[in-house]
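# Secondary and tertiary structure notes
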Amino acid sequence: MEFDGADVLVLVGEPDAEDAEVGRIPEHEVSIRRVDHPSRVLAVGQQIDAEEIGRRQGELTLSARSCENPELRAYLVAVQPGQVVSGTVSAVHGFGVFVHLDGEPAGLRTGFVRLPDLTWSRIDHPSEAVQAGQRVTGEVIMSETRDGRVTLSLKALLDDPFVPFAAQEGRVVSGTVTKIVPFGVFVRLGPGIEGLLHVSEMPGASPGGPGRLVAEGERIRVRVAEVDLQRHTVRLCAHDS
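Quick look at the structure, then. Computed from a predicted model, the values in this text were never measured in an experiment.

The description of two aromatic rings rests on the distance between their centres and on the angle between their planes. Under the defined criterion, the tally for this structure stands at four aromatic pairs. Taken together, the aromatic side chains of Phe95, Phe98 and Phe112 make up a single cluster linked through ring pairs. Sitting over the face of the ring of Phe98, Arg109 holds its NZ or CZ atom 4.1 Å from the ring centroid. Taking NZ or CZ as reference, Lys155 lies 4.4 Å from the ring centre of Trp120, over its face.

Set out below in structure tokens:
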């Protein structure tokens, strides 16, 4: 092992073996901890475990951080995509939710749920769906040894409300205006279902925008023009069009 600037060069295999080669551990793959230089955590001649993460211009690239905590690595390797796991919400932030997963090594927090994976309903902040201390169950999307993280989806275990709602295509329905934007209004048509009524579809549209025609919280009647099950969007039009 030797240092190449902030990177680490390591010999993979036995020194005299035909298949031995030099691999590179980039600075950001040296440790989960933030260090000024890899010499803070590694020493020349030290035997280490590392995970192969690819090749750059033919050079073997490794990650030492993914093997830094053997107990954590063993847990993450055992967790597979599609597996259902449970845990307790530890923190709620605007970008997502952290979860203490059952069975993870003590003192760690491996679970994470992104905002779009919390619920089928449109929400502006994760706190609208979960709270710290709440027990949750989700489906594993990905288990990442390098980041020490298990990415989950809570909504994957919930019935997709768009599937039964697709039968409403072409029908006139009632809904509640939830948000007004310059290009139209969003209308809640049922649990987890919101559609967009574009300003061009609003009778009497004026330069003042849709806010001059409807108000948030108002009940309106619209026609379901299209339900896109792949994109999970609903396009609305005026009910008399």
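So, about the nonpolar core. Of all hydrophobic cores here, the largest spans 18 residues; its most connected members are Val97, Leu101, Val113, Leu118, Val130, Val150 and Leu152. The set of elements that each furnish at least two residues to this core consists of helix 1 (70–78), strand 6 (84–93), strand 7 (96–101), strand 9 (135–144) and strand 10 (149–153). Leu152 has contacts with Val85, Leu101, Phe112, Val113, Asp117, Glu139, Val140 and Ile141, leaving out every residue within four places of it along the chain. By size, the runner-up hydrophobic cluster in this structure holds 17 residues, among which are Phe162, Phe165, Val187 and Val214.

Quick look at the sheet that holds strand 7 now. The sheet built from five strands closes into a barrel, its strands ordered 6-7-8-10-9 with mixed pairing. Strand-to-strand twist in this sheet, taken as the mean axis angle between neighbours without regard to direction, amounts to 50 degrees. Across the sheet, helix 1 is in contact with strand 7, strand 9 and strand 10; its angle to strand 10 comes to roughly 30 degrees.

What follows concerns the pattern of salt bridges. One side chain can pair with another of opposite charge once the charged atoms of both are near each other. Considering all chains together, one arrives at 14 salt bridges under this definition. A salt bridge links Asp117 to Arg114, with the nearest nitrogen and oxygen atoms 3.0 Å apart. By relative accessible area, which is 11% here, Asp117 ends up buried. On the basis of relative accessibility, which here comes to 38%, the residue Arg114 falls in the partly exposed class. Bridged by salt links that share partners, the residues Asp4, Asp7, Arg24 and Glu59 form one connected network.

Our focus in this paragraph is unusual backbone geometry. Phi at Gln57 takes a positive value of approximately 55 degrees, unusual for a residue other than glycine. Residue Gln57 is classed as exposed on the basis of its relative accessible area of 86%. Residues other than glycine seldom take positive phi values, yet His232 does so here, at roughly 55 degrees. Here His232 shows up in the loop between strand 14 (219–228) and strand 15 (233–238). When its relative accessible area of 27% is taken as the criterion, His232 is described as partly exposed.

Definitions and cut-offs
- Position labels on residues start from 1 in each chain and follow its written sequence.
- The predicted nature of this model means local features are confined to residues of pLDDT at least 70 and side-chain atom pairs, given and counted, to a pLDDT of 80 or more, with totals for whole chains, interfaces and linings taken over all residues.
- To obtain the side-chain values, all non-hydrogen atoms of the structure were used and water was disregarded.
- Here the aromatic set is Phe, Tyr and Trp, taking the six-membered ring for Trp, and pairing holds for ring centres within 6.5 Å; pairs whose planes are under 30 degrees apart are stacked, those over 60 apart are edge-to-face, and all others are tilted.
- A ring has a charge above it when a Lys NZ or an Arg CZ is no more than 6 Å from the ring centre and no more than 35 degrees off the ring normal.
- In this description, a nonpolar core means a group of buried Ala, Val, Leu, Ile, Met, Phe, Trp, Tyr and Cys residues linked to one another through side-chain atoms lying within 4.5 Å.
- Buried means the residue's accessible area, taken with a 1.4 Å probe over protein chains only, is under 20% of the maximum for its type, while exposed means over 50%, and partly exposed covers the values in between.
- A run of DSSP states H or I qualifies as a helix once it reaches four residues; a run of E qualifies as a strand once it reaches two. Both are numbered from the N-terminal end.
- Contact definition: two residues touch when any of their heavy atoms are within 4.5 Å.
- If DSSP finds at least two bridges between two strands, the strands pair.
- All axes here are fitted lines through C-alpha atoms, helices being fitted over the stretch that makes contact, and every angle between N-to-C directions spans 0 to 180 degrees.
- Salt bridge, as applied in this entry: a Lys or Arg side-chain nitrogen positioned within 4 Å of an Asp or Glu carboxyl oxygen.

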